[in-house]
Amino acid sequence: MGAQQVAERFAELYGAEPQGVWAAPGRVNLIGEHTDYNDGFVMPFALPHRTLAAVSRRDDGVLRLHSADIGGPAVELRLDDLAPRSDGAWTAYPAGVVWALREAGHAVTGADVHLSSTVPTGAGLSSSAALEVVTALALDDLYGLGLPRWKQARLCQRAENVYVGAPTGIMDQTASACCEAGHALFLDTRDLSQQQIPFDLAAAGLRLLVVDTRVQHAHSGGEYGKRRAGCEKGAALLGVDALRDVPYDGLDAALARLGGEEEVVRLVRHVVTENERVERTVALLRADDPRAIGPVLTEGHASLRDDFRISCPELDLVVDTALSAGALGARMTGGGFGGSAIVLAEATDVGTLTKTLEEAFAAAGRTLPRVFEAVPSAGAGRLL
Ligand code: ADP
Ligand code: MG
């Protein structure tokens, strides 16, 4: 699906050429899981999979939204009627962005939007952020708002948190808006400072596979809230603003102070060690030693499985199978309880690895996972 095709479909739908076509990618988080609501570090990179939007502005207070991935006629909304909702409609994501822009005082007066995406939805690859960011970028351009990317990401996060009603951190939107090809984004979620870290897998003879387990266990939403609340409790008990403030070399002392709070101890240990793993990964990539990040990824998985307790049998099966088939490292990525895992491997091992994973899933009587290669790709931008 190219930009030209999306523009043509827009013209069929709305009877005029679009004023432009924009794109925003999905993302994979290399390391730094469940740290973003603890003011910690994350390290996502953009996928080649992206959401395209053909858009024209309107000046009559009307927003028309159409997605090729949903089908049916365009949905027509009046800007004055936009208000936070939790009815699960897909239109809430782009409408929420328009709402957030207007709430922030930007004079957006309407738009016609046609979308088409190659980001798998609900696989933990952030199709929601891609949809929000492409909407924000198009409107920023068409209305000449001049908002820096990090601010667009903030407004998209507000759209998702308040308008859609999903309590997510700032990582996904920042990744989609700010990543660069051939790099991972080292993001400090406390002050949003960012550094592009060279992550050219192909040059090193490596591949990073994304393995979408195609399962999403139903309790994932509630469990996210519980982990978040547990982390806040840990910070309160330790007298810090956020778990980010617990130093790695002071971890044992901090855990001792939590006494009998076993569950809080596990959550705190994950967050503090995970921040250290992000810093270690950054150092290894800066030292041009990408193979050495494999064990760091695997340590991260163990921490998510045993301490944070958000893995599931399908994710563990991917990680265990990949490691025994010679992968350099593997871990679940995203919120947990399903979604995707990532596997770092020698380029020459990819064929065997993929086959071994499929055989392991077949032997366990499970739906075959979707396996694809994740090439660190460009962030959001204008195509036409
Ligand atoms: P993820 O972000 O991991 O893919 P989410 O549940 O956060 O999963 O977001 C998925 C939702 O985003 C979909 O259920 C749908 O409502 C919306 N969405 C994403 N991409 C599209 C698209 N191309 N067209 C319409 N809706 C989309
Ligand atoms: Mg999402």
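Sequence positions are assigned chain by chain, starting from 1 and proceeding in written order. All chains are assigned letters beginning with A, and all ligands numbers beginning with 1, in the order in which they are written. Local features in a predicted model are, by the rule used here, given only for residues with pLDDT of at least 70; side-chain atom pairs are given and counted only at 80 or more, and totals for whole chains, interfaces and linings are based on all residues. Calculated side-chain values reflect all of the structure's heavy atoms, with hydrogen atoms and water omitted.

Quick look at the packing of helix α10 (residues 313-324) against helix α11 (residues 350-363)
Moving on, step 1. As a rule, the C-alpha atoms of each element are fitted with a line to give its axis, helices using only the stretch in contact, and angles between N-to-C directions run from 0 to 180 degrees. A run of H or I in DSSP becomes a helix once it reaches four residues, and a run of E becomes a strand once it reaches two; helices and strands are each numbered from the N terminus. Contact pair α10 / α11: the axes reach a minimum separation of 10 Å and the direction vectors enclose 140°. Taken together, the axes of α10 and α11 lie oblique to each other. Our pair here, α10 against α11, has a crossing hand that is right-handed. Counting all contacts with α10, which are made through Glu 314, Leu 317, Val 318, Thr 321 and Ala 322, the residues of α11 involved are Leu 353, Thr 356, Leu 357, Ala 360 and Phe 361.
Moving on, step 2. Under the scheme applied here, ten amino acids are nonpolar (Ala, Val, Leu, Ile, Met, Phe, Trp, Tyr, Cys and Pro), four are charged (Asp, Glu, Lys and Arg), and all others, including Gly, are polar. Split into classes, the residues belonging to the contact of α10 with α11 amount to seven nonpolar, two polar and one charged. Should an angle fall under 35 degrees it is called roughly parallel, over 145 degrees roughly antiparallel, and 65 to 115 degrees roughly perpendicular, with every other angle called oblique. Two helices cross in a left-handed way if the nearer one is turned anticlockwise from the farther one by less than a right angle. They cross in a right-handed way if the turn is clockwise. Note on contacts: a residue pair qualifies if any of its non-hydrogen atoms lie within 4.5 Å across the two residues.

Concerning the sheet that holds strand β1 (residues 20-29)
Moving on, step 1. Any two strands are treated as partners once DSSP identifies two or more bridges connecting them. What the six strands build is an open sheet, ordered β5-β4-β6-β3-β1-β13; its pairing is mixed. The open sheet has two edge strands, β5 (75-78) and β13 (381-382), and neither has a second partner.
Moving on, step 2. Pairing geometry for β1 and β13, over two bridges, is antiparallel. Note that in β13 the partner of Ala 23 across the bridge is Gly 381.
Moving on, step 3. The strands that helix α1 (residues 3-14) touches are β1, β3 (44-57), β4 (62-67) and β6 (110-117); relative to β6, the one it contacts most, it runs at about 135°.

Quick word on the site of ligand 1
Moving on, step 1. Taken together, 15 residues lie near ligand 1, and Ser 67, Asp 69, Gly 122, Ser 127 and Ser 128 sit nearest.
Moving on, step 2. Nitrogen and oxygen atoms within 3.5 Å of one another constitute a polar contact, given that in protein one can donate a hydrogen and the other can accept it, and given that sequence-neighbouring residues count only through two side-chain atoms. Ser 67 places a side-chain nitrogen or oxygen 2.7 Å from a nitrogen atom of ligand 1.
Moving on, step 3. Take Ser 127: an N or O atom from its side chain is 2.6 Å from an oxygen atom of ligand 1.
Moving on, step 4. The method behind every accessible area is Shrake-Rupley, applied with a 1.4 Å probe, and residues are considered shielded solely by the protein chains displayed. Within the complex, 77% of the 570 Å² of free accessible area of ligand 1 lies under protein.
Moving on, step 5. The element contributing the most residues to the shell around ligand 1 is helix α3 (residues 127-142), with three residues.
Moving on, step 6. Class assignment for the residues of the shell around ligand 1 results in six nonpolar, eight polar and one charged. The near set for a molecule or strand comprises every residue that places at least one heavy atom within 4 Å of it.

Some words on the environment of Arg 257
Moving on, step 1. Along the chain, Arg 257 falls in helix α7 (residues 251-257).
Moving on, step 2. With 217 residues separating them in the primary sequence, Arg 257 and Gly 40 have C-alpha atoms 21 Å apart.
Moving on, step 3. Once residues within four sequence positions are removed from consideration, Arg 257 is found in contact with Leu 237 and Leu 238.

With respect to helix α5 (residues 171-178)
Moving on, step 1. Burial of α5 is extensive: eight of the eight residues sit out of reach of the surface.
Moving on, step 2. If you check which residues of α5 are buried, you get Met 171, Asp 172, Gln 173, Thr 174, Ala 175, Ser 176, Ala 177 and Cys 178. Think of it in three bands: residues with accessible area under 20% of the maximum for their type are buried, residues over 50% are exposed, and the middle band is partly exposed, with areas taken using a 1.4 Å probe on protein chains only.

Comments concerning the state of the cysteines
Moving on, step 1. Working definition: a disulfide is two cysteine sulfur atoms within 2.5 Å of each other. Applying the stated criterion across every chain yields a total of zero disulfides.
Moving on, step 2. Cys 178 provides the cysteine sulfur closest to Cys 179, a residue in no disulfide bond, and the two sulfurs are 7.5 Å apart.
Moving on, step 3. Free cysteine: Cys 231, not disulfide-bonded; nearest cysteine sulfur from Cys 312 at 19 Å.
Moving on, step 4. The buried category is assigned to Cys 231, whose relative accessible area is 1%.

Some details on the pattern of salt bridges
Where charged atoms from two side chains of opposite charge come close, those side chains can pair.
Moving on, step 1. Basic side-chain nitrogens of Lys or Arg form a salt bridge, by our definition, when they fall within 4 Å of a carboxyl oxygen of Asp or Glu. Using the criterion set out here, one finds 26 salt bridges in the structure.
Moving on, step 2. A salt bridge links Arg 207 to Glu 373, with the shortest nitrogen-to-oxygen separation between them at 3.4 Å. In this pair, Arg 207 sits in strand β9 (residues 206-216) while Glu 373 sits in strand β12 (residues 370-373), placing the two residues 166 residues apart along the sequence.
Moving on, step 3. Owing to a relative accessible area of 38%, Glu 373 belongs among the partly exposed residues under this scheme.
Moving on, step 4. The residue Arg 269 makes a salt bridge to Asp 307 at a minimum N-O spacing of 2.8 Å. In this pair, Arg 269 sits in helix α8 (residues 262-286) while Asp 307 sits in helix α9 (residues 293-307), placing the two residues 38 residues apart along the sequence.
Moving on, step 5. Owing to a relative accessible area of 30%, Arg 269 belongs among the partly exposed residues under this scheme.
Moving on, step 6. Taken together, the shared-partner salt bridges in this structure form one network comprising Arg 58, Asp 60, Arg 64 and Asp 112.

Observations regarding the nonpolar core
Moving on, step 1. Membership of the largest hydrophobic core comes to 49 residues, with the highest contact counts inside it found for Val 55, Leu 63 and Leu 82.
Moving on, step 2. By residue number, the principal contributor to this core is α3, which donates eight residues.
Moving on, step 3. Not counting chain neighbours up to four residues away, the residues in contact with Leu 63 comprise Val 75, Glu 76, Leu 77, Leu 79, Ala 95, Val 98, Ala 111 and Val 113. Here the nonpolar core consists of buried residues drawn from Ala, Val, Leu, Ile, Met, Phe, Trp, Tyr and Cys, with membership extended through side-chain atoms lying within 4.5 Å.

Observations concerning the packing of helix α2 (residues 92-103) against α3
Helix packing for two helices is described by the angle between their axes and how far apart those axes are.
Moving on, step 1. Contact pair α2 / α3: the axes reach a minimum separation of 9 Å and the direction vectors enclose 45°. For the element pair α2 / α3, the angle class is oblique. In the packing of α2 onto α3, the handedness of the crossing is right-handed. Taking contact as the criterion, the partners of Tyr 93, Pro 94, Val 97, Val 98 and Leu 101 in α2 are, on α3, Ser 128, Leu 131, Glu 132, Thr 135, Ala 136 and Leu 139.
Moving on, step 2. A class-by-class count of the residues in the contact of α2 with α3 yields eight nonpolar, two polar and one charged.

Some details on the sheet that holds strand β8 (residues 194-198)
Pairing between the strands of a sheet is mediated by backbone hydrogen bonds and can be parallel or antiparallel.
Moving on, step 1. If you trace the three strands from one edge of the open sheet to the other, you get β2-β7-β8, paired in antiparallel fashion. Only two strands of the sheet have a single partner each, and these edge strands are β2 (41-42) and β8.
Moving on, step 2. In the packing of α5 onto the sheet, the strands contacted are β2, β7 (183-188) and β8, and the crossing angle to β7 comes to about 135°.

Function cannot be inferred from these measures alone, as they are strictly geometric.
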